[in-house]
Each structure stands twice: as C-alpha cells, then as structure tokens.
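# Chains, contacts and geometry: an overview
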Amino acid sequence: MKTILSPNRREQSATNERGKLFSYTIPMDPCDLFVFYQSQRTSSTGQRFYWKNSDGSFRIVGSGIAATFTSKSPERRFEHIQQQWDKLLQDAHIENKYDIPGTGPLLFGGFSFDIDQIPADEWSSFGDSLFYLPEIMITCLDEQYFLTMNQFGALDQREGEFLKQWVKQMKGKPNPFPKLLTQKEYDVEGWLQSVEEVVDELQNTDMQKVVLARKLQLDFAEPLQSETIIDQLLSEQPSSYVFSMEAEDSCFLGASPERLVEKVNQRVLSTCLAGSIARGKSEQEDKKLGNDLLHDSKNLFEHGLVVSMIEDALRPFCEELLIPNQPNLMKKPYIQHLYTPVEGRAKKESSIFAMVQSLHPTPALGGVPTRPAMKMIRDKENMDRGFYGSPIGWTDYRGNGEFIVGIRSGLTKGSSAFLYAGCGLVSDSIADKELIETRIKFQPMLRAFGKESL
Ligand SMILES: C=C(O[C@@H]1C=C(C(=O)O)C=C[C@H]1O)C(=O)O
Ligand SMILES: [Mg+2]
C-alpha cells in the first residue's frame, strides 16, 4: 500500500481545513494558454497543469496550488477526494456569473493505476491520488476566455485585473531539449516471456484479456522542462488530449486519444478504444490496414470486451445510453484503433467521481475479469505504472468534468524521463506482434522528447 506524502504536501493538504475559499471568475481577452504555462516557470514550477481536449475546443491551464487533495485511505480514494471537495465547497464564497464548464473552483488531478503495486521511486510525488485546486486558472471554451482566482481568505479583486493586463504581454518559446545521454529499454526478453506466460493463462483459464505494459527510460544531461515536451505534443498530436500535471520535481504528461468519461450537465460521453494497427505509408496501404483491423477477429474480441464493460459500468449512472453495434476507426499519427463512442444521459444524482471509480480500470488498460487481470499485471509487469493508464482530468464545482485514460504518456523527474506503452493480450496474441504494437505506441512520446524512434 502506498503512503507517500512529502511533509510539504501534508502541509498543503491541511490548507483544506484552513478556512473559507474565495473564488472569483472574470472574462478576459484571448491569450495563449500554453504561453501562460511557460511564463509561470519561475514562480510555479511543480505547481502547474495544462489540458487541451481532443478537438481543442476546451483548454485549461493552472498555476500555483491553493489546496492539494490526497487520500489517506487508498481503498476509498475516489470517495475521499469527493468528500473533501464537497466539504470545501460547502462554505466557499464563489463569484462566477458565467455558466461555462471549467470556470470557478476546479479540481485537476488523477489517480494511480493500482493501489496494491509496490511503489516505484520515480512516482513518489504522485502517490495514489493527487488533485490541485489552482490559485490561478485560465479557461478557454470555444474561444471565450476566463480567469479564475482561488484563495483562502478574502481576495483583492484588483489582482485579477492586474493579471489580465500582465497575461496580455506575455511571449515566449520553450527552451530546447537538453542533451540525451542514455536510453534504456527495460528487459525486452523478460517482457516477451511475461507475454507468453500471460497468453498461456488466457488459453487455459477463464481469463479473457490482460493488458501488459512496459517502460523506457531516457536520461538527459540537464533537468527537463515540461513545456518543451508539451510544445512538441501540441504540434504533433493536434487531435489528441494533451495534458500535463506537475508535482514537485516531476511531471506526468502525454497526448492521449482515450476519453474515460466526460460529464457536462447531464450529458455523458465515453470512449471504447482497443485494437490497434499501424498507419500505412500510402493512402491505399492505410485504408487496407484500417479495413483489415475492422475485420480482424483478435482485435474485435479485444475491443468488444471494453465495450461490454463500459456499458455495464455506466448503465447504473445513466437514464439513457447509446452505443453503436460496430466499431469505427480512430486514426492518429502512427496508429489506428478500433473505436466505439458512447453517449448517455446521466441521472441527476450521478457524480463524475463515482463514474470514474466504476470505470477504472476498463479492459483497455486492465483486463477481464478485472481483479484477476490486475493481479496478473502486478505479478508479470515488474513495474509500477504510477499514473500511466489511469484516470486524469478535472471537475468543476458544478459537477462537470472530464477524465481521460493517461496513455501515450510519460513521467519526467529531474533529468530522467519514463515512457510507458502497453497492449491488450488475448488468447491468440503473438508476443512479437504485441511488442511491435508497443513500439508504435511509444512513438509519439519519443518524438515529443526529440527522438525519431527507438
Ligand atoms: C495500453 C495502451 O493502449 C491501449 C491498448 C490498445 C490495444 O492494445 O490495442 C489500444 C488502445 C488503448 O486502449 C497504451 O497506449 O499504452
Ligand atoms: Mg492491441
């Protein structure tokens, strides 16, 4: 069980009990949220986050931490975060005239993949659950911009006006990458062996799917700056979610194609994503590969398990749920996936945290049945996934929010980076093919770190 909280963090958690929250939202002129993130390097490194949704219509950036939320009880972490959040909001003073999701007090953060895995040093700043209420936040929805400030103790509203003027003048370019010293692909032979062992279990037991991941380590000559990597992700993966969350000297970041759940008012969206194939070099080859994927029984099975689980997990929270019978293709640079969109109408009382809890982990990252698959991953993967493959996202004080699955992602810590990629194993998986699939999935993050390929 993990109980990693630095003294610093514990102190910040205590601010939750420090008094009344004052939150104040004002509209502002258009600005570049990423430039704002960069500009906060000196004042707020380790306390920033960035988020862009897949079509770019919604972006948020946060800087400075007004309060940190963690949970002392890993088994009840989803409820605990929710309870602390509700308590803080109960007597908060909120001035927000705008009915815009993602404005006003908002929590940004995520949960680790598996509370029972032995924690790795590199994830020590994240723990089992970590959420921030930012001091300063800029929200952009459909090109409307808002500034939110959160503080314990009364706020001087003139500060907001001052900030707005200051943001207008910001410019900047991220620093170039430091020199790459070494690159380590962890025990490939051992991983292939684990795949064989898992496939053997899948052939001889009731287990149907297990997702096995692996990691790469890159060591640089100097500490990494998260903006250098986000800048690359924003230009190279424009149709994915791009996210970053800093914690002390670490940053979890990535460009994920996979929405776990979005809730705005009563509208619920989720994504079933599993089953993969490379992109073609020509349009014709690309079409052929896509078509092969749409008809491949191994991939369709891998995908179908995700669809049924998501359906079962969301059904109790929704009055209505719409799920197409056949998957589509989702094409991203380097990879194409089988994709089934899910749409629903939430019951009035359904909370996004409860939905996240019931969805995590879907068989896109865990397996079927969930518990034995999780144990298999714990035993065979030989690593701590940390926040990789986990829910990461935001929720506002009105209960709107969105969480994605933190894949195509990596962690920076000081001058090191750890990249993660996995694949869904079923009974007819072939180890070498699955290895190639993980190589393709590493590609976007490797590029974001300035590398062409493995
Ligand atoms: C596990 C990852 O991706 C997941 C696994 C997939 C697969 O095995 O086909 C496809 C999409 C994701 O749900 C990853 O990118 O690391
Ligand atoms: Mg796969």
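Look up a bit, the structure's there.
Reading the values: rules and limits
Residues numbered from 1 in each chain as written. Chains lettered and ligands numbered in written order. Predicted model: local features only at pLDDT ≥ 70, side-chain atom pairs only at ≥ 80, totals over all residues. Buried ≥ 20, exposed ≤ 12 C-beta atoms within 10 Å, placed from the backbone. Helix = DSSP H or I, 4+ residues; strand = E, 2+ residues; numbered from the N terminus. Pairing = 2+ DSSP bridges. Core = buried A, V, L, I, M, F, W, Y, C linked by C-beta atoms within 7 Å. Domains from an automatic or database assignment. Contact = placed C-beta atoms within 7 Å. Expected span 1.5 Å × (residues − 1). Arc of directions from axis to C-beta.

A large share of strand β21 (residues 416–425) lies buried, amounting to nine of its 10 residues. Here strand β20 (residues 409–413) pairs with β21 via five bridges, running antiparallel. Its bridge partner lying in β21, S409 is registered against Y420. Hairpin connection, β20 to β21: the antiparallel pair is bridged by two residues, and G414 has positive phi, about 60 degrees.

To continue, consider the nonpolar core. In this structure, V210, L212, V356 and L425 are the most contacted members of the largest nonpolar core, which totals 117 residues. The dominant element in this core, judged by the number of residues it contributes, is strand β6 (residues 129–141), at eight residues. Two domains each put at least three residues into this core: domain 1 (7–168) and domain 2 (180–448). Not counting the four nearest positions on each side in its chain, L212 is found in contact with S194, V195, V198, I377, K380, E381, G422, C423 and L425.

The subject of this paragraph is helix α6 (residues 188–204). An ideal rise of 1.5 Å per residue puts 24 Å on 17 residues; α6 measures up with 24 Å between its terminal C-alpha atoms. Listing the buried residues of α6 in full gives W191, S194, V195, V198, V199 and L202. Seen from one end, α6 has its buried residues packed into an arc of 135 degrees, which puts them on one side. Turned more than 90 degrees away from the buried face of α6 sit E189, G190, D200, Q203 and N204, all of them exposed. Structurally, α6 contributes buried residues whose contacts are with β9 (209–220), α11 (370–380), β21 and α12 (431–448).

That's the geometry; what it means functionally is another story.
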